[in-house]
Every structure is written in structure tokens, then in C-alpha cells.
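A structural walkthrough
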Amino acid sequence: MLRPGALAKLRRLFQHHSFWAANRSCAELRQMLRGSDVAVTAWHGSQLVGFGRATSDGIFRAVLWDVVVDGAYQGRGLGRQIVEGLLERPCLRRVERIYLMTTNSSGFYQQLGFDQIESQLLMMKQTSG
Ligand SMILES: CC(C)(COP(=O)(O)OP(=O)(O)OC[C@H]1O[C@@H](n2cnc3c(N)ncnc32)[C@H](O)[C@@H]1OP(=O)(O)O)[C@@H](O)C(=O)NCCC(=O)NCCS
């Protein structure tokens, strides 16, 4: 899913440009990618400047995860391209509902057609970390 050597670059991207994924090791990231159905990356030369991934059953439900753009490259349309790239993939294209969780980027996702849901609660069981 990622070119050889790219795991360390993904780790750096998360370390510097996300708050929720800043401490993930390369081994954990490898497992994360194995457990994902699709990932999209954005590169500037050999620099990994953007990432997003999704899990999906291909028909009813999918979730977008870990959409991150390097701070120096934000505001240039990369985030939009990453999300649209994920949504166009065969495993997401015909899914009935696509979910995501965001702390501070709801405006970004609203521009991409996502709605804030008031009728449902997000529930979580923290098992480690
Ligand atoms: C959120 C993020 C992925 C957006 O990526 P980006 O490349 O800066 O976004 P884009 O340039 O593609 O923006 C697309 C549109 O969304 C808007 N937008 C971007 N971030 C926004 C935000 N936080 N709130 C409201 N609108 C936003 C842009 O103005 C742009 O609008 P336009 O098409 O009218 O010009 C990026 O800012 C990021 O990585 N942030 C840090 C990590 C993070 O919080 N990720 C979200 C995890 S849920």
C-alpha cells in the first residue's frame, strides 16, 4: 500500500501534523495499513505531505480515518483531493453511509458533502493507550 521506506515518512507526518496519531510506531502503522481497505497519499517529490485512509464493508458502512496534510501544504486543495480520492475508490464508491470523526475540521468535511449528525451519539470503549 505504501512504497518501501514510506512508513517512517508516515510516522513523521503523523508526529508533526496530527494530535491523535503523534505517537504511533512504524510497527503499529504497518498493522494499521494492513487493516485498512484503502489509503491515499500525497507526495511532493520524495516527501510525504498528505495521507488518508478508510475501512469499508464495500456496501453499507465505511469510515474515513487519519486525514492529515503537512502544515506547510495546507490550504492548497490537497485535503480535498485526498478525501475525494478515497471516496472514488471502488470499496467506497457505492457505500450507503460514510462516517468520520473530527475534532476541529468539521467545516472542511462539510465542504465535501458531510453533514453533522445531531440524532446520534458517538460512543467509544477505550481499551488501551
Ligand atoms: C483538515 C485538513 C486535512 C484540510 O486539508 P487542506 O489541504 O488544508 O484542505 P484543502 O486545502 O483541501 O481545503 C478544502 C476546502 O476546505 C476548507 N477548509 C480547510 N480546512 C478547514 C477547516 N478546518 N474548517 C473549515 N474549512 C476548512 C478550505 O478553505 C477549502 O475551501 P475552498 O475549496 O472553498 O477553498 C488539514 O488542515 C489538516 O491536516 N489538519 C491537521 C490534521 C487534522 O486536523 N485533520 C482532520 C482529522 S479529522
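Overview of the structure. Fair warning: this is a prediction, and the values are worked out from it, not measured in the lab. (Residues numbered from 1 in each chain as written. Predicted model: local features only at pLDDT ≥ 70, side-chain atom pairs only at ≥ 80, totals over all residues. Heavy atoms only, no water.)

Further remarks concern the sheet that holds strand S3 (residues 61-69). What links the strands of a sheet is backbone hydrogen bonding, and the strands pair in either a parallel or an antiparallel sense. As summarised here, the arrangement of the 4 strands in space is S1-S2-S3-S4, forming an open sheet in which the pairing is mixed. Each having just a single partner strand, strand S1 (38-44) and strand S4 (97-99) make up the two edges of the open sheet. If you compare each strand with its neighbour and ignore which way they point, the axes differ by 20° on average. For strand S2 (residues 47-56) and S3, the ladder comprises 6 bridges, and the chain directions are antiparallel. Bridging across to S3, phenylalanine 51 finds its partner in valine 68. Packed on one face of the sheet, helix H1 (residues 6-17) meets S1, S2 and S3 and runs near 90° to S2. (Pairing = 2+ DSSP bridges. Helix = DSSP H or I, 4+ residues; strand = E, 2+ residues; numbered from the N terminus. Axes fitted to C-alpha atoms, helices over the stretch in contact; angles between N-to-C directions. Contact = heavy atoms within 4.5 Å.)

Another point: helix H2 (residues 26-34). Turning to H2, its buried residues number three or more, namely Leu29, Met32 and Leu33. Mapping the buried residues of H2 onto a view down its axis gives an arc of 95°, with all of them on the same face. The exposed residues of H2 that point more than 90 degrees off its buried face are Gln31 and Arg34. On its buried face, H2 sits against H1, S1, S2 and S3. (Buried < 20%, exposed > 50% of the residue type's maximum accessible area, 1.4 Å probe, protein only. Arc of directions from axis to C-beta.)

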